[in-house]
Amino acid sequence: MKMRIPSIVMLVVLVVGIACIVYGVTGTNIYSNAARMMGTTEKNAMTYIQNPDSLNELGNISAIGADNMKGFLSGLGLNSSDVSAAVDKRAAYETAVANSKDRDKFFAYAQSVNPEVTAENYNDLIKDRATSDPMRDAMAMAELGVDEAEYQELAANTTLLEMYRGVIPSLLQNKHMTNAVVVMFIGIILVVIACVYFLILSMNIKPRARTRAANPNVAKVTTFFLNYALFIILGLILIVVSVIRPDFLSMNNILNILQNASTKGILALGCAGLIVLAGTDLSIGRVVGLSAAITASLVQSSTYASRMFPTMVNSLGGFGLLVPLFSSIAIAVAFAMVNGFGVAKLHLHAFIVTLGTQLIAYGANCLYIESQPSGTAQALSTFDQGFLNIAAGAFKIGDVRVPFVVLYFLVLAIIVWVIWNKTTLGKNMFAVGGNEEAAAVSGVNVAKTIMLVYLMAGILYGISSFLEAARITSVGANTGLNYETDAISAVVVGGVSFSGGVGTIQGVVIGAIILQAIVYALQFLGVNPYIQYIIRGLIIILAVSIDVRKYIVKK
């Protein structure tokens with residue numbers, strides 16, 4: 001009872017702090033939106049707000065969106081009908097100007113006003129700006145149905161500029177925007193205070209023997225939240241994003257998330273087995289980079305003059321694509337076997353041996369890319385269309401275009417699930433990860449088991465590298481950078497324990513998808529890329545913390 005009241009107070013402080021942070025973030029978004037509406041950077045936006053007369057240009061409505069601009073200006077107090085009329089006229093002007101610059105449309109118009117214009121002399125007309133530019137203006141005016149004076153007014157965007165100059169200063173009176181940063185930092189302070197309190201409080205909690213008085217329902221609820229805390233937190237984040245931006249859950253976005261999660265998910269399937277063994281793999285990203293470079297060099301279009309291998313004048317279509325696929329797998333397996341041998345026979349810590357192979361793979365990739373006949377270290381690109389169709393293509397279910405890579409991910413996940421749950425290798429893997437000494441005493445060949453798990457990881461890395469090359473369509477020295485953090489994050493978020501001997505494939509799959517959904521959501525909301533790194537790092541720490549907590553409770 002003594003600690004209950006302070007704990008309730010600190011819980012309230014935590015909630016208030018989170019509310020303040022949300023208030024601050026939404027307030028700063030008002031300013032970011034204003035900058036976007038003015039077609040300028042956030043750095044320069046305040047200059048125009050404070051001195052609206054200096055605002056001489058606006059962003060294109062085609063890029064901003066007519067509805068967005070109407071909502072912004074109407075929200076600042078302007079008459080909705082006036083705003084709608086001005087925005088629609090300007091949008092029509094931008095469309096007319098775009099049409100006048102369209103080659104085919106302008107050619108048709110030029111022939112209609114001057115029958116002497118032909119396909120043969122059309123290029124000469126375009127080069128003659130003194131003739132073609134007034135003709136383009138005339139075409140746009142005819143499409144808009146305005147005279148020259150009205151057209152020049154639309155070109156100068158006078159009406160919208162006057163509207164902006166009249167209402168932009170009112171943003172300085174918006175307390176939500178002007179107080180956002182202060183409130184946000186107050187929220188951060190409150191959250192830190194509450195978290196520090198609960199952290200210190202947790203140090204005082206001592207394990208106690210269960211008694212008959214303990215409520216089994218409470219124990220079940222506690223265990224549930226302990227086991228699924230991270231999924232619940234990440235799920236709540238996605239719900240909040242969906243509330244802020246309802247279009248986040250569109251079918252296109254969902255498919256993009258699945259597509260981006262698939263190659264990283266395949267890496268996670270391989271890495272998961274190593275973590276079940278209570279190990280890790282820091283070399284994943286660089287091995288992927290090297291294997292992808294091997295793939296890219298073999299699938300460059302035969303018509304590309306600067307291809308890696310000029311003598312490959314025939315494209316590797318059909319079964320020929322097995323060559324780059326198996327080459328990619330071979331390279332990845334070679335590195336995986338070095339890692340496995342170091343762990344199984346030399347008894348090196350997985351952290352050390354994979355750190356070494358990470359550097360080796362990176363150096364080999366740089367040397368390989370720099371060995372191009374062109375003498376440059378340019379990225380390997382311009383791939384054969386047959387390769388792209390198979391590795392990065394899609395199939396249709398009704399009107400929905402589903403990427404092949406999602407299907408590949410699903411099939412590989414099923415195969416690995418069978419290996420984990422229905423084979424001797426899977427049983428031995430969990431036994432070694434849970435207690436290596438006990439597994440050895442039980443007759444398990446520990447070294448062989450470790451090597452086979454690393455072999456499986458290498459195969460999956462190679463397949464992922466092959467597919468990743470097609471997804472990014474350009475492979476350079478930095479390809480694969482930080483991919484190991486994505487893979488390990490997905491595995492840990494999916495519930496595979498760093499303590500070893502615990503994990504499920506379905507958890508890894510869900511972890512990969514949820515993690516990618518979070519990354520996509522942050523990008524969708526326009527969160528600073530550097531802040532995204534911070535958030536992803538916090539997710540990893542939180543995931544491992546929950547894992548360690550579960551391990552302590554289990555012990």
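Above: the structure in question.
Throughout this description, residue numbers start from 1 for each chain and increase along the sequence as written. Where local features are concerned, this predicted model is filtered to residues with pLDDT of at least 70; where side-chain atom pairs are given and counted, the filter is 80 or more; whole-chain, interface and lining totals use all residues. Here the side-chain values reflect all heavy atoms present in the structure, with hydrogen atoms and water set aside.

Colleague: What exactly am I supposed to notice about the nonpolar core here?
Modeller: The tendency in soluble globular proteins is for nonpolar side chains to be buried as a group. Among buried residues, those of type Ala, Val, Leu, Ile, Met, Phe, Trp, Tyr and Cys that are joined through side-chain atoms within 4.5 Å constitute a nonpolar core. Whether a residue is buried, partly exposed or exposed follows from its accessible area with a 1.4 Å probe, protein chains only, as a fraction of its type maximum: under 20%, in between, or over 50%, in that order. The biggest cluster of nonpolar side chains holds 91 residues, and the ones touching the most others in it are L269, C271, F387, W420, I450, Y461 and V491. Looking at which element gives the most residues to this core, the answer is helix α22 (residues 446-472), with 14 residues. Formed by 25 residues, the second largest nonpolar core is a distinct cluster that contains L58, I61, F72 and M163. Only DSSP runs of H or I with at least four residues qualify as helices, and only runs of E with at least two residues qualify as strands; both kinds are numbered from the N terminus onward.

Colleague: What should I look at first to understand the packing of aromatic side chains in this one?
Modeller: We describe a pair of aromatic rings using the distance from one ring centre to the other and the angle between the two ring planes. What counts as a ring pair is set by centres within 6.5 Å for rings of Phe, Tyr and Trp (its six-membered ring), and what kind of pair is set by the plane angle: stacked under 30 degrees, edge-to-face over 60, tilted for all other angles. As enumerated under the stated definition, the model contains nine aromatic pairs in all. Judged by centre distance (6.3 Å) and plane angle (45°), the rings of F106 and Y122 are tilted. You can see F106 sitting in helix α6 (residues 103-113) and its partner Y122 sitting in helix α7 (residues 122-127), a full 16 residues away along the chain. You'll find F106 and Y122 in the same group, each marked buried. Two conditions define a charge located above a ring, namely a distance within 6 Å from the ring centre to NZ of Lys or CZ of Arg, and an angle within 35 degrees of the ring normal. In this structure, R136 is placed above the aromatic ring of F106, and the distance from its NZ or CZ to the ring centre is 4.2 Å. Taking NZ or CZ as reference, K264 lies 4.5 Å from the ring centre of Y483, over its face.

Colleague: Could you clarify how one ought to interpret helix α5 (residues 80-100) in this entry?
Modeller: The α-helix winds at 3.6 residues per turn, so residues separated by three or four positions along the chain end up facing the same way. Multiply 1.5 Å by the residue count of a helix minus one, and that product is the helix's expected span. Here α5 spans 30 Å end to end across 21 residues, near enough to the 30 Å set by a 1.5 Å rise per residue. Buried residues of α5: V83, A86, V87, R90, Y93, E94, A96, V97, N99 and S100, and no others.

Colleague: Explain the pattern of salt bridges here, please?
Modeller: Two side chains with opposite charge may pair up if their charged atoms get near one another. Put simply, a salt bridge is a Lys or Arg side-chain nitrogen that is within 4 Å of an Asp or Glu carboxyl oxygen. Scanning all chains against the criterion turns up seven salt bridges. In this structure, D88 and K70 form a salt bridge, with 2.8 Å as the shortest nitrogen-oxygen distance. Of this pair, D88 sits in helix α5 while K70 sits in helix α4 (residues 66-75); the two residues are 18 residues apart in sequence, bridging distant segments of the chain. Here R90 and E94 are joined by a salt bridge, their closest N and O atoms 3.3 Å apart. With R90 and E94 both in helix α5 and four residues apart, this pair spans about one turn of that helix. With a relative accessible area of 11%, R90 lands in the buried category. A single network of salt bridges, built from pairs that share partners, joins K264, D486 and R536.

Spatial relationships are all this shows, so hold off on functional conclusions.
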